[in-house]
Amino acid sequence: MANVSGIPQPTRPAGVLISALVTLATGAAAEPVFRDLPATILCYAQADQSWRVGYLSRVDKSGDALYVTADRRLSITVHANGVVAVPTNRPPVTDCYGKTLDELRSSGRLTEPQRAK
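What you see is a predicted model; the values in this text were computed from it and never measured.

A. Fine view of the nonpolar core. Ile41 and Tyr67 are the most contacted members of the largest nonpolar core, which totals 15 residues. Within the residue set of this core, elements represented by two or more residues are strand 1 (40–45), strand 3 (65–68), strand 4 (75–78) and helix 2 (101–106).

See the structure below:
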């Protein structure tokens, strides 16, 4: 399924599953940490002209979030201030690095979890 911008979006069942996992993982005490974090981040790799999807994997006590691809070959760190960290140990291979979550959100590159009502 694709949205208006042509960026692939997860199917409804995947979104429901992600929402359920985030709801189970957060609990009442951890809820503020997850408030504005997306479930996935879509990044484009110019080198092989492919889209990489980073899935929320971990949030540490400082609020920094780690996103990893399904094959775990690429990781993306989003600092608590909402900026995607530029890697220091390798060249940046996708266009997400250095951008803010607000920039990625406005370009349709984030999948937001559906909150339980």
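B. Quick peek at the state of the cysteines. Using the criterion set out here, one finds 1 disulfide in the structure. Each sulfur of the disulfide joining Cys43 and Cys96 lies 2.0 Å from the other. When the S-S torsion is -115°, as for the bridge of Cys43 with Cys96, the disulfide is left-handed. Residue Cys43 is found in strand 1, and its partner Cys96 is found in the loop between strand 4 and helix 2; the two are separated by 53 residues along the sequence. Here the two residues Cys43 and Cys96 agree in accessibility, since each one is buried.

C. The sheet that holds strand 5 (residues 110–111), seen in detail. The strand order across the open sheet built from 5 strands is 4-3-2-1-5, with neighbouring strands paired in antiparallel fashion. Of all strands in the sheet, those with a lone pairing partner are strand 4 and strand 5, marking the two edges. As paired strands, strand 1 and strand 5 are joined by 2 bridges and run antiparallel to one another. The residue of strand 5 that forms the bridge with Thr40 is Thr111.

D. Summary view of the side chain of Thr111. The residue Thr111 is located in strand 5 in this model. Residue Thr111 is classed as buried on the basis of its relative accessible area, which comes to 11%. At 2.7 Å, the side chain of Thr111 forms a polar contact with the side chain of Thr40.

E. Inspection of the pairing of strand 2 (residues 50–59) at higher detail. In this sheet, strand 2 lies alongside strand 1 in antiparallel orientation, the contact comprising 6 bridges. Bridging from a neighbouring strand, Ile41 pairs with Gly54 of strand 2. Between the end of strand 1 and the start of strand 2, which pair antiparallel, lie 4 residues, with Gln49 showing a positive phi angle near 50°. Bridge count for strand 2 against strand 3 is 4 bridges, and the pairing is antiparallel. For Tyr55, the partnering residue across the bridge sits in strand 3 and is Val68. In this structure, the hairpin formed by strand 2 and strand 3 is closed by a connection of 5 residues, where Gly63 is found at a positive phi of approximately 100°.

F. Spotlight on the environment of Gly54. Checked against the element boundaries, Gly54 lands in strand 2. Taking the relative accessible area as the measure of exposure, Gly54 reaches 1% and is therefore buried. Residues Gly54 and Thr77, spaced 23 residues apart in sequence, show a C-alpha to C-alpha distance of 9.8 Å. Residues in contact with Gly54, not counting those within four places in the same chain, are Ala39, Thr40, Ile41, Tyr67, Val68 and Thr69.

Rules used throughout
- Residues numbered from 1 in each chain as written.
- Predicted model: local features only at pLDDT ≥ 70, side-chain atom pairs only at ≥ 80, totals over all residues.
- Heavy atoms only, no water.
- Core = buried A, V, L, I, M, F, W, Y, C linked by side-chain atoms within 4.5 Å.
- Buried < 20%, exposed > 50% of the residue type's maximum accessible area, 1.4 Å probe, protein only.
- Helix = DSSP H or I, 4+ residues; strand = E, 2+ residues; numbered from the N terminus.
- Disulfide = S-S within 2.5 Å.
- Pairing = 2+ DSSP bridges.
- Polar contact = N/O pair within 3.5 Å; in protein donor to acceptor, adjacent residues only side chain to side chain.
- Contact = heavy atoms within 4.5 Å.

As far as function goes, none of this settles anything; it's purely spatial.
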